[in-house]
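Overview (structure and organization)
Here are the chains, one letter per residue:
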Number of protein chains: 2
Amino acid sequence: MESYFVEKSLPFYDQLYHKIKKMILDGVFKPGERIVESKLAKEMNLSRTPIREAIRVLENEGLVVIDEKSRIIVYNPTVKDVEDVYQCRMALESLAVKLSVQRASDQEMAEIEKVLELCNNKIEQREYDKDEVIDLNFQFHNLIIHYSANDLLQKHLNSIKSRLHLYRILNFQGDDRAQIIYNEHKKIFDYMKEKNETKAAEAMVEHLNHDYKHLIGLLAT
Amino acid sequence: MESYFVEKSLPFYDQLYHKIKKMILDGVFKPGERIVESKLAKEMNLSRTPIREAIRVLENEGLVVIDEKSRIIVYNPTVKDVEDVYQCRMALESLAVKLSVQRASDQEMAEIEKVLELCNNKIEQREYDKDEVIDLNFQFHNLIIHYSANDLLQKHLNSIKSRLHLYRILNFQGDDRAQIIYNEHKKIFDYMKEKNETKAAEAMVEHLNHDYKHLIGLLAT
DNA sequence: GATGATTTGTGCGTATGTATG
DNA sequence: GCATACATACGCACAAATCAT
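The paragraphs below set out a description of the structure included in this document. Keep in mind that this is a model prediction, so the values were computed, not measured.

Further remarks concern the overall build of chain A. A tally of regular secondary structure across chain A gives nine helices and three strands. Order of helices (α) and strands (β) in chain A, N terminus to C terminus: α-β-α-α-β-β-α-α-α-α-α-α. Its C-alpha atoms put chain A at 60 × 55 × 35 Å along the principal axes. Taken over 221 residues, chain A has a buried fraction of 48%. Contacts in chain A between residues far apart in sequence, at least 24 positions, make up 76% of those at least 6 positions apart. As displayed, chain A offers around 11800 Å² of accessible surface, 51% of which is attributable to carbon and sulfur atoms. Side-chain charges in chain A split into 32 positive and 37 negative, and the spacing between the mean points of these groups amounts to 5 Å.

If you want it as structure tokens, here you go:
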């Protein structure tokens, strides 16, 4: 009978945290835009209390900022912020790769490889769905982070990923880097397979550095 | 007249966040202990509303955990957590050192050096105040982090520092490592002065690794 | 500016769930 | 199992600050 239990739904403040976060990352609320508690409350059919709790969490994560007049503003990154984020990302994701090399099982490695293969298959088609490729690339990074088996590392990288998502909303119009990215991912993975964590980490840093340069290029326009 | 303005005091939820955090880090609330909103509210002479908002932030930072019955529990680290934290700390503080080498002005470098000297002076006395030395060591790390001039990095390291503080409460009885720590700090700083960021970062990782080993040793007992 | 409408900060009441006896 | 005492989740009310007219 145990499998028939009913999930107790999460408290509103928790659900709201995820929901508002998603709205920001999906661009429903745009960077620099104001969020009004009372309006949100009305739209969601809830009181302001759980909404305020969710906002405090988003504030702590840096996804919203409280201005000097207590208004809630969606975080609006500066170019310096992008640099800061990428420096941290390189430090943390290169750690993630090293740990994954040490800790990922054969099966887990096979999973990462499968994502790479799928990505390669997509790219080889003349007409492929860009979003699918983006998603596979995202998965590649996520799997490595996940198999690093370091909860705190995952948490920090999660908050970094949120910010990256925001940058995408701000500027996303990729010229076609799918092939380049695939090659770089492949290189990282090959070193991982050889259990060469140093080289794998270096390849990751190099990859992220290209990504950074590319992003900065877009932001300059 | 402009310099005579009166500071607008921070909202309660914000003050409470700092206050409750301090109480946890000072050991007023001990790891594993329960915190009861309504009691806190009574003690502080406030309603539960701003307290709840502060708790949500502390929860997000991992300093308190909400258990399956919605109770607030002070975070109680496991040995695995210590490993996780130190891995992240090494990745991030070695980045901090590298950035500081690139970015710290001569004056800022002199400030770090002064902290080191003060520390050395203290140690050379037969009878010195341990807490003062601990504080100076803390300052050494803090200055390096600060002069890295990367806001996000500082934020992540701040949350890591909170956790380290908790470990101290759990187990703090240092056998005397003051001299060893000073030597390691000196080594890091000497490389910084030579603008050798790679060596400085390596020395930092080595230093933190010793720290980690030491802490694990204490936790084992 | 003065006035009414918003919006935020905070207190409080209540329902629901949990522990205790 | 029931009754009582707490705790938490949430809605609601009101004051102070801010905004708009």
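What follows deals with the protein's contact with DNA strand D. DNA strand D sits among 19 residues. The nearest are Phe 12, Ser 47, Thr 49 and Arg 71 of chain A together with Arg 52 of chain B. In DNA strand D, the atoms that sit within 4 Å of the protein are 72% sugar and phosphate, with bases accounting for the remainder. One of the side-chain N or O atoms of Arg 71 of chain A is found 2.8 Å from a phosphate oxygen in DNA strand D. One nitrogen or oxygen atom from the side chain of Arg 48 of chain B is found 3.1 Å from a base nitrogen belonging to DNA strand D. Of all the elements in the fold, those that place two or more residues in the surface near DNA strand D are α1 (12–25) and α3 (48–61) of chain A together with β1 (34–35), α2 (37–44) and α3 (48–61) of chain B. Of the residues assigned to the surface near DNA strand D, the class counts are seven nonpolar, four polar and eight charged.

Turning our eyes to something else, we now look at the sheet that holds strand β3 (residues 72–74) of chain B. All names here are of chain B. The three strands are arranged β1-β3-β2 in an open sheet whose pairing can be described as antiparallel. With partners counted over all chains shown, the strands left at the sheet margins are β1 and β2 (64–66), one partner each. In this sheet, β3 lies alongside β1 in antiparallel orientation, the contact comprising two bridges. Its bridge partner lying in β3, Ile 35 is registered against Ile 72.

This part takes up the state of the cysteines. Per the stated rule, a full pass over the model turns up zero disulfides over all chains. Here Cys 88 of chain B stays free of any disulfide, with the sulfur of Cys 88 of chain A as its closest cysteine sulfur at 11 Å.

The next subject is the packing of aromatic side chains. Scanning the model with the defined rule gives two aromatic pairs over all chains in all. Between Tyr 86 of chain A and Tyr 212 of chain A, the aromatic rings sit 5.4 Å apart at their centres with planes inclined by 35°, giving tilted as the arrangement. Here Tyr 86 of chain A is found in helix α4 (residues 79–103), whereas its partner Tyr 212 of chain A is found in helix α9 (residues 197–220), with 126 residues between them in sequence. The class of Tyr 212 of chain A is buried, set by a relative accessible area of 16%. The ring of Tyr 13 of chain B is capped by Arg 56 of chain A, whose NZ or CZ atom sits 4.0 Å from the centre of that ring. Sitting above the plane of the Tyr 75 of chain B ring, Arg 163 of chain B keeps its charged end 4.3 Å from the centroid.

Turning next to the protein's contact with DNA strand C. Neighbouring residues of DNA strand C: 19 residues in total, closest Arg 48 and Arg 52 of chain A together with Phe 12, Ser 47 and Thr 49 of chain B. The backbone of Phe 12 of chain B places a nitrogen or oxygen atom 2.8 Å from a phosphate oxygen of DNA strand C. Interatomic distance of 3.5 Å between a side-chain N/O atom of Tyr 13 of chain B and a phosphate oxygen of DNA strand C. Where the surface near DNA strand C is concerned, the elements lending two or more residues are β1 (34–35), α2 (37–44) and α3 of chain A together with α1 (12–25) and α3 of chain B.

Here we take up the relation of the copies chain A and chain B. Between chain A and chain B, the superposition needs a rotation of 180° and an axial shift of 0.0 Å, giving an RMSD of 0.0 Å. Taken together, the rotation angle and the small translation identify this as a two-fold axis. A share of 100% of interface residues in chain A that are also interface residues in chain B marks the association as one of identical surfaces.

The next subject is the interface of chain A and chain B. On the side of chain B, 33 residues touch chain A, which itself brings 31 residues to the contact. Between chain A and chain B, a total of about 2800 Å² is buried, with carbon and sulfur atoms accounting for 52% of that surface. Area buried by chain A at its contact with chain B is led by Arg 56, Asn 60 and Leu 152 of chain A, which between them contribute 21% of it. Between Arg 56 of chain B and Glu 53 of chain A there is a salt bridge, and its shortest N-O distance comes to 2.9 Å. For the pair chain A and chain B, the number of links is 21 residue pairs in polar contact (both at pLDDT 80 or more). Residues belonging to the side of chain A that touches chain B are distributed by class as follows: twelve nonpolar, six polar and 13 charged.

So, about the sheet that holds β1 of chain A. Residue and element names in this part refer to chain A. Taking strand neighbours across the sheet as the criterion, the three strands line up as β1-β3-β2 in an open arrangement whose pairing is antiparallel. With one partner strand each, in any of the chains shown, β1 and β2 (64–66) form the two edges of the open sheet. Of the pairings in the sheet, the one linking β2 to strand β3 (residues 72–74) comprises three bridges and is antiparallel in character. Its bridge partner being in β3, Val 64 is matched across the sheet by Val 74. Across the sheet, α3 is in contact with β2 and β3; its angle to β2 comes to roughly 100°.

Conventions used here
- Sequence positions are assigned chain by chain, starting from 1 and proceeding in written order.
- Naming scheme: in the order in which they are written, chains are lettered from A and ligands are numbered from 1.
- Totals for whole chains, interfaces and linings use all residues, but because this is a predicted model, local features are given only for residues with pLDDT of at least 70 and pairs of side-chain atoms are given and counted only at 80 or more.
- Excluded from the side-chain calculations are hydrogens and water; all other atoms, namely the structure's heavy atoms, are used.
- Only runs of H or I of at least four residues qualify as helices and only runs of E of at least two qualify as strands under DSSP, and these elements are numbered from the N terminus.
- Working definition: with a 1.4 Å probe on protein chains only, accessible area under 20% of the residue-type maximum means buried, over 50% means exposed, and in between means partly exposed.
- A contact between two residues is defined here by any heavy atoms of the two lying within 4.5 Å.
- To be clear on the numbers: accessible area is Shrake-Rupley with a 1.4 Å probe, and residue cover counts the displayed protein chains and nothing else.
- Just so you know, the count uses Lys and Arg for positive and Asp and Glu for negative, and it drops His and the chain ends.
- Charge positions are represented by NZ for Lys, CZ for Arg, CG for Asp and CD for Glu.
- Proximity criterion: a residue is near a molecule or strand once any of its heavy atoms comes within 4 Å of it.
- Polar contacts here mean pairs of N or O atoms no more than 3.5 Å apart (in protein, one a potential hydrogen donor and the other a potential acceptor; neighbouring residues in sequence count only if both atoms are side-chain atoms).
- Residues are grouped as follows: Ala, Val, Leu, Ile, Met, Phe, Trp, Tyr, Cys and Pro are nonpolar; Asp, Glu, Lys and Arg are charged; every other residue, Gly included, is polar.
- Should DSSP find at least two bridges between two strands, the strands are taken to pair.
- Disulfides are defined as pairs of cysteine sulfur atoms found within 2.5 Å of each other.
- Only Phe, Tyr and Trp rings take part, Trp by its six-membered ring, and two of them pair if their centres are within 6.5 Å. Stacked means planes under 30 degrees apart, edge-to-face means over 60, and tilted covers everything else.
- Whether a charge sits over a ring depends on NZ of Lys or CZ of Arg being within 6 Å of the ring centre and within 35 degrees of the ring normal.
- Alignment of copies: least-squares fit on C-alpha atoms of residues with pLDDT of at least 70 in both copies.
- For any pair of parts, buried area is found by adding up, for both, the accessible area (1.4 Å probe) each one loses once the two are put together.
- Should a side-chain nitrogen of Lys or Arg be within 4 Å of a carboxyl oxygen of Asp or Glu, the pair is scored as a salt bridge.
- Here the axes come from fitting lines to C-alpha atoms, over the contacting stretch only for helices, and the angles between their N-to-C directions go from 0 to 180 degrees.

These figures capture arrangement, not role.
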